[in-house]
Amino acid sequence: MTADQLIAPARPTLRERYDTYMSRHAALMPTFAAIAILILLLIGAQFAFGNFIAPRNLSALLLNNAYLIILAVGLTFVILTGGIDLSVGSVMAFTGILCAKLLADGLPAIVAVPIMLLGGAAIGLLIGVLVQYFDVQPFIASLAGLFLARGLAFVVSLSSIKVEDPAVLWLQRTRFTVGDWYLTPTGILALLVVAVGVYVTQWTRFGRTIYAIGGNEQSARLMGLPVARTKVLAYVLCGLCSGLAGLVLTAYSGAGYPLNGVGTELDAIAAVVIGGTLLTGGSGYVLGSLVGVLVYGVIKTIIAFEGADPSWTRIIIGALLLLFVVVQRVIVARSERRR
Amino acid sequence: MKKLLTHRLVWPIAALITLIVINTIARPQFISVTVRDGQLYGPLIDILRNSAPLMLVALGMTIVIATRGIDLSVGAIMAVSGAVALTVIDASGSPGSLGTVFVALLVALLVSLVLGSWNGLLVSVLGIQPIIATLVLMLAGRGIALLITDGFITTVTSAPYKFIATGYLIGLPFALFISAAAVAVIAVIERRTALGMLTEAVGINPAASRLAGVRARGIIFGAYAASGLLAGMAGILYSSNIMAADANATGQYIELYAILAVVLGGTSLMGGKFTIAGTVVGVFTIQTLESTILFLGVPSAQAPVFFAVVVIVVVLVQSPRLHAFVRGLFARRRSSSDAAPPPPTAPKPTDAPQTPAPAEVAS
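Residue positions are given per chain, counted from 1 along the sequence in the order it is written. For naming, the first written chain is A and the first written ligand is 1, with later ones following in the order written. The predicted origin of the model limits local features to residues at a pLDDT of at least 70 and limits the giving and counting of side-chain atom pairs to 80 or more, whereas totals for whole chains, interfaces and linings rest on all residues. Hydrogens and water molecules were not included; the side-chain quantities draw on all heavy atoms of the structure.

Caption draft 1: Molecular detail of the overall build of chain B. Going along the chain from the N terminus, every DSSP run of H or I of four or more residues is numbered as a helix, and every run of E of two or more is numbered as a strand. Each helix and strand in chain B was counted, giving 17 helices and 6 strands. We call a residue buried when its accessible area falls under 20% of the maximum for its residue type, exposed when it is over 50%, and partly exposed in between, using a 1.4 Å probe and counting protein chains only. Each of the 363 residues in chain B was classed as buried or not, and the buried ones make up 50%. Sequence separation of 24 or more characterises 75% of the internal contacts of chain B that already satisfy a separation of 6 or more. In the form shown here, chain B has an accessible surface area of approximately 16200 Å², with 71% of it arising from carbon and sulfur atoms. Residue contacts are counted whenever heavy atoms from the two residues lie within 4.5 Å of one another. Only the protein chains shown count as cover for residues, and the accessible areas themselves come from Shrake-Rupley with a 1.4 Å probe.

Here's what the structure looks like:
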């Protein structure tokens, strides 16, 4: 109890009303902050370069980061439950090279793609089962998943495999254009994943259970919610998304490569956190993760426009991540004090 | 005998010995040590020498994990430290002189100490989750290292610097002395003073230990600072071995291997209890396993599959649930009718730190 808290209830001021608003919508604040940063970045870049907010550039922004969007959506499910999945980048590399290998061996895309998606989901299932049924920390379980997927990627092939399959290449080469805007099937896939993610988290029983688990797992269990099933399913969905990201990346780069996505798990975590999802779970939005990826992509594009050293991307993302974590920390501390 | 079997180093040491025995059966020259020009050579010596960077990092990780934290930034700190040291040597007029190397080491260690303290500040003062606080530096650190080396792989030639990783002293690799000294210093500080106990107290319950008068903040801060410094030393060893500062490859995944070493050694990730001897055994186990995998003709890129299997087996063996399940099986077999099976979550005494008390989780 601090002094100003003792006095505050006595006089309902503007400050009070602001605090009430903040406490009711605290979960939205980090996402709003991310949107504000995105807009500021876009406006700043527009002023600096003149042609930044061009349809062509913004379309490219979406398409270049399609795989990261899909990863971030999958990861959002897991982080909302209060867990973490470090394996997403490696799983993406594994399913990507698996797909390229299967296609090179003459399998049709209609068989190869479900196999790679299943491969991603299987690794997610393994992590989920370790976390839920063997009380392994999510960090360690997904670490095992990371090692497994990265190693398996190299087991499939030690070098990159070119993709010749027309169906997979179609995903990237087809362009639907409206004026100067364009969209490829990979971009549509990413947006579809976001839409499904938003629907599942906001309007389904499964989604509400995820939030409940992240808020307080014990309470969720006592309420009779299917905690075990939901948590495992969150990891499976994350693995499935990583598998799909592998397909998108393979289509995007036209080849499978076992070293793809080293460190991408961290980019994805950063995007989710910058998008306003609390790493303690229970608070955040799938749409926020999309914003987080776009912030990441804009920073990357600005640095490319500027001609600066690409290593600045990682430093700035690190700094932004820190900023958001501190903001989150303040929000959590405030809401805890209020209780 | 029973006491010996329940000692917590039994399983880690058993695993290491099993590995060495399998290796020796597969190729008898594995345990052979030859003397050439008064210097010892052999696969075991190589394992000892190559394990030095991982040993340093794992030592720091052990202390951090004892405070119930985790340090993901060690690989990045290694990259920065190596980049700083080699850049200093590269920029100086006489890369071969002892003075230059000394200055380079000093600057590199200072920088890594600062980076470690930065982590400590975020965790202990700002109260940010350790995973995230160190994730920031893990992301940004390699960027910083790339900036220091201008995005190139800086290569230098400096005999005294090369000596650090590849030199020999009284017949043994010099790197071995560094890691042995680090183990000794950490063991003395943590085990011969009250610091180790205080660290464990902080790891078990930071709030309670603070109320009991333990300077929890200072201890957590110190743990990260030490981890940073040790990672800096590892970075120097690594860069000295290849005589190049490669910001991307230095310490790649070493944080994961270090965590694995700590867990293999029997330290619980829940914090509160740690064993330095266990970590040493864990590091040797990983290094032996790596050498085994290479010997089997597996491309080193595929090695992570084996490590994944090891991680999964180790965490399953540690899992209280599995223990309860196995005990339940035995109890049922022994007396199927009269005795009720033990409660599913009842932990063995040795597993106590691995099962968090509900009160701690809720706080």
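After that view of the structure, there is still more to cover.
Caption draft 2: Spotlight on unusual backbone geometry. The backbone phi angle of aspartate 135 of chain A is positive, close to 55°, even though this residue is not glycine. Topologically, aspartate 135 of chain A is positioned in the loop between α7 (109-133) and α8 (138-156). The phi angle at arginine 68 of chain B is positive, at roughly 65°, despite the residue not being glycine. Mapped onto the fold, arginine 68 of chain B is located in the loop between α4 (52-66) and α5 (74-91). Residue classification places arginine 68 of chain B among the partly exposed positions, given a relative accessible area of 34%.

Caption draft 3: Structural view of the pattern of salt bridges. All names here are of chain A. Put simply, a salt bridge is a Lys or Arg side-chain nitrogen that is within 4 Å of an Asp or Glu carboxyl oxygen. Tallying each qualifying case throughout the model produces 4 salt bridges over all chains. Salt-bridge contacts for glutamate 217 lead to lysine 231; the nearest nitrogen and oxygen are separated by 3.1 Å. Placement of glutamate 217 in helix α12 (residues 217-222) and of lysine 231 in helix α13 (residues 227-253) is noted, with a sequence separation of 14 residues between them. The buried category is assigned to lysine 231, whose relative accessible area is 10%. Here aspartate 267 makes a salt bridge to arginine 314, at a shortest N to O gap of 3.6 Å. Remark: arginine 314 occurs in helix α16 (residues 311-338) and aspartate 267 occurs in helix α14 (residues 264-274); sequence separation between them is 47 residues. Accessibility expressed as a relative area gives 25% for arginine 314, which makes it partly exposed. Shared partners join several salt bridges into a network, and the residues in it are Glu217, Arg221 and Lys231.

Caption draft 4: Expanded view of the nonpolar core. The definition of a nonpolar core used throughout is a set of buried Ala, Val, Leu, Ile, Met, Phe, Trp, Tyr and Cys residues joined through side-chain atoms within 4.5 Å. Grouped together as the largest cluster of nonpolar side chains are 199 residues, with contacts concentrated most on Ile140 of chain A together with Tyr161 and Ile259 of chain B. By residue number, the principal contributor to this core is helix α5 (residues 66-80) of chain A, which donates 13 residues.

Caption draft 5: Spotlight on the interface of chain A and chain B. At the junction of the two partners, chain A supplies 42 residues and chain B supplies 40 residues. Note: buried area is the sum, over both parts, of the accessible area (probe 1.4 Å) each one loses when the two are combined. Three residues stand out in chain A for area buried against chain B, namely Phe134, Phe139 and Phe147 of chain A, and they jointly supply 17% of the buried area on that side. Scanning the region where chain A abuts chain B turns up 0 salt bridges. Side-chain atoms alone can form a polar contact between residues adjacent in sequence; in general such a contact is a pair of N or O atoms within 3.5 Å, and within protein one must be able to donate a hydrogen while the other accepts it. Between the two partners, chain A and chain B, sit 1 residue pair in polar contact (both at pLDDT 80 or more). Listed by contribution, the elements that provide at least two residues to the side of chain A that touches chain B are α7, α8, α14 and α16 of chain A. Residue contributions to the side of chain A that touches chain B peak at 12 residues, all from α8 of chain A. A breakdown of the residues in the side of chain A that touches chain B according to their chemical character gives 28 nonpolar, 8 polar and 6 charged. Any residue that is not Ala, Val, Leu, Ile, Met, Phe, Trp, Tyr, Cys, Pro, Asp, Glu, Lys or Arg is counted as polar, Gly included; the first ten are nonpolar and the last four charged.

Geometry only, nothing functional implied.
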